[in-house]
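# Structure assessment
Each chain, written out:
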Amino acid sequence: MAAITAHFLSKEIDMVEKTEVRISDEFELSDEKLMGNANRWRRFGVPVPAGGSKKEDGSPDYGLFGPGSIVWKVALHPSNIVFQSVAQWGLQLMYKPVTAGVRDQDPLARKVRQGKLTAFDYFERLQRNSGIHAPMWFGDTATAEGIWKHLYRIHSHVEGGVIDVGEPGLGGFSATGSREVMWAALTEMVGMLWVYEHFAWHGDTPPSRLSDEERDQYISESAAYLRLVGSPEDEIPHTMAEADALFDKYQDLFKKSETADIMPDTGQHFAQLMHEQIKNNWHPTQQKVIDLLNEFFNEPMPAVIASYPEKIQLWGAGWGEAQRAEGVKKLAGSQKRIRQMQESPETFQRALDVFWGPDGTELINVARELDEKVRVAL
């Protein structure tokens, strides 16, 4: 797993002695700034929910997926509302071109180079990942297309000649290149699938793997999303076996590296700089961010990684057999807590408020109502 995640999705800040931290009023964090408003997620006007517009033939426009789809069955389950953010962030940072983009060109990188990074800055970068994607998964077609155009535009400058200074043969990266957009989308989709299969409680029924047919249908339906973002048509998977083969093909871009966090222009270690600045730019009000990170990222992360396939644990997380065995135990031992988090109205609502935002919450509510009607009819 990328050192960026390993370094910060931990309780290190909680354990720092007060004498080691320089408190600065410049970095005081208000509740209003922590929660933000619709504009933190919204970048392309008010999204239109799935079914909120009509196609040319007069039928409802349900967007990329729609009610009754396996994607909605998986993505709308409370387990993914609560844990999608950590699953996405953990898996995407195993893909080294994403790590390189964050390290070199992300707003986090600009903050680090200015020496101004705070715990809130890191948290805010995680915070909007789910909500900014919700319009593409639960909006009508025009909404999905509009959000993607926005994301493409703001990522168009995120590119560089070096993915990993220790592995020059990997070449460079481009966040809007066909390879990178494919993996950004596919890691989101398979991450939600694996969370559902290992975290989704249905009353007293524990999580379970989808049937082979449903897994293949899920991947086949996901093709619409991969196509939207510009993935290479000849590489878009339509079955789980094809998705697995794609991971095998690109395994070198997922394998853990001790040098992936080295900044090519300075030789400094990006994650270490982040950690140092979070300590230096500290204010006690930033603890609210650490508490949320602990609840929704740090504590679930080992169980989330344990939900990934074995090869992802070996490559991306660098787990050996002993760590894998411990991960299996951690996932099993966490099931009571996992169930509590997705079934608790307070925790569920907090996840919506913090990670999905007002627009995402509205889109989810509309989609769940549509999906429930279809499934009841079946």
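Report follows, based on the coordinates. (Residues numbered from 1 in each chain as written. Predicted model: local features only at pLDDT ≥ 70, side-chain atom pairs only at ≥ 80, totals over all residues. Heavy atoms only, no water.)

### Quick look at the packing of aromatic side chains
In this structure the tally under the stated criterion is 17 aromatic pairs. When the centroid spacing of 5.3 Å and the interplanar angle of 50° are considered together, the rings of Phe247 and Phe254 count as tilted. Taking relative accessible area as the criterion, Phe247 reaches 2% and is therefore assigned buried. Here Phe254 falls in the buried class, since its relative accessible area comes to 1%. Here the aromatic residues Tyr95, Trp183, Trp194, Phe247, Tyr250, Phe254 and Tyr308 are joined through ring pairs into a cluster of three or more. (Phe/Tyr/Trp six-rings, centres within 6.5 Å; stacked < 30°, edge-to-face > 60°. Buried < 20%, exposed > 50% of the residue type's maximum accessible area, 1.4 Å probe, protein only.)

### Focus on the layout of surface pockets
One number sums up the size of the largest pocket: a volume of about 760 Å³. Along the wall of the largest pocket there are 37 residues; nearest its centre are Asp106, Arg125, Asn129, Leu151 and His155. Of all the elements in the fold, those that place two or more residues in the lining of the largest pocket are helix H5 (78-92), helix H6 (96-104), helix H7 (107-114), helix H8 (119-138), helix H9 (141-155) and helix H10 (178-199). Of the residues that constitute the lining of the largest pocket, the class distribution is 19 nonpolar, 10 polar and eight charged. In this structure, the second largest pocket spans a volume of roughly 160 Å³. Trp72, Lys73, Leu76, His77, Pro78, Tyr196, His202, Arg368, Asp371, Glu372 and Arg375 together form the lining of the second largest pocket. When contributions to the lining of the second largest pocket are tallied by element, the ones reaching two or more residues are helix H4 (70-75) and helix H19 (345-377). Considering every element that reaches the lining of the second largest pocket, the biggest residue donor is H19, with four residues. Of the residues in the lining of the second largest pocket, the class split is four nonpolar, two polar and five charged. (1 Å grid on protein atoms, 1.4 Å probe; cavity = no way out; pocket = protein on both sides within 12 Å on 5 of 7 lines; lining within 4 Å. Points joined across faces, edges and corners; volume = space filled by probe spheres on them. Helix = DSSP H or I, 4+ residues; strand = E, 2+ residues; numbered from the N terminus. Nonpolar A, V, L, I, M, F, W, Y, C, P; charged D, E, K, R; others polar.)

### What to know about the pattern of salt bridges
If the charged atoms of two oppositely charged side chains come close together, the side chains can form a pair. Per the counting criterion, the structure on display carries 23 salt bridges. Notably, a salt bridge pairs Glu167 with Lys96, separated by 2.8 Å at the nearest N-O pair. Of this pair, Glu167 sits in the loop between strand E1 (159-160) and strand E2 (173-174) while Lys96 is found in helix H6, placing the two residues 71 residues apart along the sequence. Residue Glu167 is classed as partly exposed on the basis of its relative accessible area of 29%. Here Arg227 and Glu233 are joined by a salt bridge, their closest N and O atoms 2.9 Å apart. Its relative accessible area of 47% is what places Glu233 among the partly exposed residues. Through salt bridges with shared partners, a single ionic network connects Lys96, Asp164 and Glu167. (Salt bridge = Lys/Arg side-chain N within 4 Å of Asp/Glu carboxyl O.)

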